[in-house]
Amino acid sequence: MQDIRFIREHPDTVRKAIADKFVTLDLDEVLAADRAVLELRQQVETLQAERNANAKLVPKASAEDRPALIGKGKELGVQLAELEPQLREQEEALRALLLRVPNVPHESAPVGPSDDDNAELRREGQLPSFDFEPLDHVDLLALQGWSDPERVARVSGSRSYLLRGEAARLELAILTFALDFLAERGMEPLSTTALVRPETLTATGHFPGGEDQVYRLEGEELMLAGTSEVPINSLYAGEILGESDLPLAFAGFSAAFRSEAGSAGRDVRGLIRVHEFRKVEQYVICRPEDGMAWFERILANAEGILQALELPYRVVQNSTGDMGLGKHLMMDIETWVPSEEKYRETHSCSYLTDWQARRTGLRFKGADGKPQFAHTLNNTGIASPRILVPFLENHQQADGTVRIPAALQPYLGGKAVIGQP
Ligand SMILES: Nc1ncnc2c1ncn2[C@@H]1O[C@H](COS(=O)(=O)NC(=O)[C@@H](N)CO)[C@@H](O)[C@H]1O
C-alpha cells in the first residue's frame, strides 16, 4: 500500500506505476476519496473541539446560562453522531482503494504486460548432455517405483503427488539441506503454520485479487496459505520494533497450498504444479537503507543452493506486468528441465519496499525515535516437489539411477547414487 501523502505529492509517478503494471484503477477516484475523508475529518474535529470547549463552560456557567449551553452540547452531539459513522465509512472506502494502488517498479524493470517481457540477466551451469535417451521425471519416478500417481489420484484427485522410498527421502534431504544452507548464512529457521487468518493475506498483498488461489476451511475464518511468506509477514504485525531488532531474517519451512485456479491444462503431468507442496522460504524485514543489499543476498542464497545441487539455471528480471502489485523489484530463477528443453521457474525473489509493511503495520523506531515502516523482501529457498523435476532429470544416469551431488550426500546417508540400476 502506498503512503497517501506520496500519492498526493507524486500523482504522476503513481499513475505511471498503474499504467506500467496494467492495473485497473482510477487514481482520481483515490484522490477524491482522500479529499472526502479530509473534509469530513475536518468537520468532525471542529465539532469535537466545539463540544469540548462548550462542555468546559457548563460547570462555570450561571444558572440561567447553563440550559442553553447544555442544549448546545446536545446539538453538537447529535451532529457528531451523524458525521462520525460517515467518516468511518469514507475511511474504509479510501482504504479499500489504497489497497489496490501498486508499488512503484524499480527503474530497471522491463516495461511490459507479461512474463514474455521478462529480461534474461544471466545463465549459470552447464546444460547436461546425455549419451543415452533421457527420461522425463514422471517416467523416471515410475521406473524406480518412487511414485504412485493412480493411487494418490484416488485419494486426492488431480495435481496431487506422493513420493515413495528414496524419492521421499530425497525430498526431505533437499528441504533440510536448504534450511541448513540458509541457517548457516544467518537466516533464523522457522517451522511455520499454513493456517492463517484472512487479514494476513491482505497484509502480504495476496488479497484483494488472489482470493480464488486460496483454499478456505468450511465454517472457519482460517485459510490455507500458498507460501509461508504469509504467516511470517504477519508475525510481528502491529509491533513497533527497535532499530537494533532489525534485520529479521527467516528461513521459514511450511506446507503450501494453492488452488491453481486459472491454470487448467497447464503442467497437468507430474510434479511441477500441485495443490500442496513444501517450501523453505527466505523472508526479511529490514531498514529501508538495507533493502537492496538484502535483495542481492537472498538472490545469491538461492543461487548458492542451486549451485550446490549442481543444477543449471538462469536469472530473469520480471517485467512490470509480471511482477504484480506490491513488487518494487523482482527476479525469478528458472532451472533447466531437460525433458522440456526449457528453463522453468523454481524461485521468485521480490523486494516490496514499505508497500507490504504499511499493509501489515510493520514499523520500527529509527535513530530519530520516530516510528517508520520497515521494508520487506522474500525469495524461495527451495520448493518441493517442483525442484525434483530438474533435479531428477538433470542427474539421471543411463541405468536409471540418479546421481546425488556431494553437498547433498550427507543428507542421504552418504549415498552418491539412489535408485536401482
Ligand atoms: N502449484 C505449485 N506447485 C509446486 N510448486 C509451486 C507451485 N506454486 C509455486 N510453486 C513453487 O514455489 C515457488 C515460489 O512461489 S511464488 O508464488 O513464485 N513465490 C512465492 O511464493 C514467494 N513467497 C517466494 O517463495 C515457485 O517458484 C515454485 O518453485
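The structure displayed is predicted, hence computed values, not measured ones. Numbering of residues begins from 1 in every chain and follows the order in which that chain's sequence is written. Whole-chain, interface and lining totals are the exception, using all residues; otherwise, since this is a predicted model, local features are given only for residues with pLDDT of at least 70 and side-chain atom pairs are given and counted only at 80 or more. Calculation of side-chain values draws on the structure's entire complement of heavy atoms; hydrogens and water are dropped beforehand.

1. Remarks on the pairing of strand E8 (residues 276–286)
Thought 1: Counting buried positions over the 11 residues of E8 gives 9, a clear majority of the element.
Thought 2: Here, strands pair whenever DSSP counts at least two bridges between them. Only DSSP runs of H or I covering at least 4 residues are called helices, and only runs of E covering at least 2 are called strands; the numbering of each starts at the N terminus. With 10 bridges connecting them, strand E7 (residues 248–257) and E8 associate as antiparallel partners. When the sheet's bridge partners are listed, Ala249 is paired in E8 with Val284.
Thought 3: Pairing geometry for E8 and strand E14 (residues 375–384), over 9 bridges, is antiparallel. If you follow Glu281 over to E14, its bridge partner there is Thr380. Accessible area is worked out with a 1.4 Å probe on protein chains only. A residue is then buried under 20% of its type maximum, exposed over 50%, and partly exposed in between.

2. Digging into the site of the ligand
Thought 1: What surrounds the ligand is a group of 19 residues, the closest being Glu229, Glu260, Glu281, Glu345 and Thr380.
Thought 2: Between the ligand and Asn378 there is a distance of 3.4 Å, counted from a nitrogen atom to a side-chain nitrogen or oxygen.
Thought 3: Surface accessibility in these figures is a Shrake-Rupley result with a 1.4 Å probe; residues are shielded only by whichever protein chains are displayed. Considering the ligand on its own, with 570 Å² of exposed area, one finds that the protein chains cover 91% of that surface.
Thought 4: Classification used: nonpolar for Ala, Val, Leu, Ile, Met, Phe, Trp, Tyr, Cys and Pro, charged for Asp, Glu, Lys and Arg, polar for all others including Gly. Of the residues belonging to the shell around the ligand, the class tally is 4 nonpolar, 7 polar and 8 charged. Proximity criterion: a residue is near a molecule or strand once any of its heavy atoms comes within 4 Å of it. N or O atoms closer than or at 3.5 Å make up a polar contact, with two conditions inside protein: a donor-capable atom paired with an acceptor-capable one, and, for residues adjacent in sequence, both atoms drawn from side chains.

3. Re the sheet that holds strand E12 (residues 363–365)
Thought 1: The 3 strands are arranged E6-E12-E13 in an open sheet whose pairing can be described as mixed. Each of the sheet's edge strands pairs with one partner strand only, and the pair in question is strand E6 (240–242) and strand E13 (371–373). The average angle at which neighbouring strand axes cross in this sheet is 40°, direction not considered.
Thought 2: Examined bridge by bridge, E12 and E13 share 3 bridges and lie antiparallel to one another. Bridge assignment links Phe364 to a residue of E13, and that residue is Gln372. Note on geometry: axes are C-alpha line fits, over the in-contact stretch for helices, and angles between N-to-C directions span 0 to 180 degrees.

4. Some remarks on helix H10 (residues 291–308)
Thought 1: Between its terminal C-alpha atoms H10 stretches 26 Å, which fits the 26 Å expected from 18 residues at 1.5 Å a residue.
Thought 2: Among all positions in H10, only Gly291, Trp294, Phe295, Ile298, Leu299, Asn301, Ala302, Glu303, Gly304, Ile305, Leu306 and Ala308 are buried. Every helix has an expected span of 1.5 Å times one less than the residues it contains.

5. Overview of the state of the cysteines
Thought 1: Disulfide: a pair of cysteine sulfur atoms within 2.5 Å of each other. All told, the structure shown has 0 disulfides when counted by the stated rule.
Thought 2: We note that Cys286 lacks a disulfide partner, and the nearest cysteine sulfur, in Cys349, lies 12 Å from it.
Thought 3: Looking at Cys286, the relative accessible area reads 0%, which means it is buried.
Thought 4: Residue Cys349 is classed as buried on the basis of its relative accessible area of 0%.

6. Looking at the side chain of Asp34
Thought 1: Note on placement: Asp34 falls in helix H3 (residues 27–57).
Thought 2: The criterion used for residue contact is that any of the two residues' heavy atoms lie within 4.5 Å. Beyond its immediate stretch of four places on either side in the chain, Asp34 contacts Ile4, Arg8 and Leu94.

7. Notes on unusual backbone geometry
Thought 1: The linkage connecting Phe207 with the following residue, Pro208, adopts the cis geometry, with an omega of -10°.
Thought 2: Within the secondary structure, Pro208 is located in the loop between helix H8 (198–204) and strand E4 (215–216).
Thought 3: In this structure, the amide linkage connecting Leu246 to the following residue, Pro247, adopts the cis form with an omega of 0°.
Thought 4: Among the secondary structure elements, Pro247 is positioned in the loop between E6 and E7.

8. Structural notes on the packing of H3 against helix H4 (residues 66–98)
Thought 1: Where H3 contacts H4, the two axes come as close as 8 Å, and the packing angle between them is 155°. Taken together, the axes of H3 and H4 are roughly antiparallel relative to one another. Judged by the twist between their axes, the crossing of H3 over H4 is left-handed.
Thought 2: Residue composition of the contact of H3 with H4, grouped by class: 16 nonpolar, 8 polar and 8 charged. Under this scheme an angle from 65 to 115 degrees is roughly perpendicular, one under 35 degrees roughly parallel, and one over 145 degrees roughly antiparallel; angles in between are oblique. Working rule for handedness: look at the near helix, and if it is turned counterclockwise from the far one by less than a right angle, call the crossing left-handed; if clockwise, right-handed.

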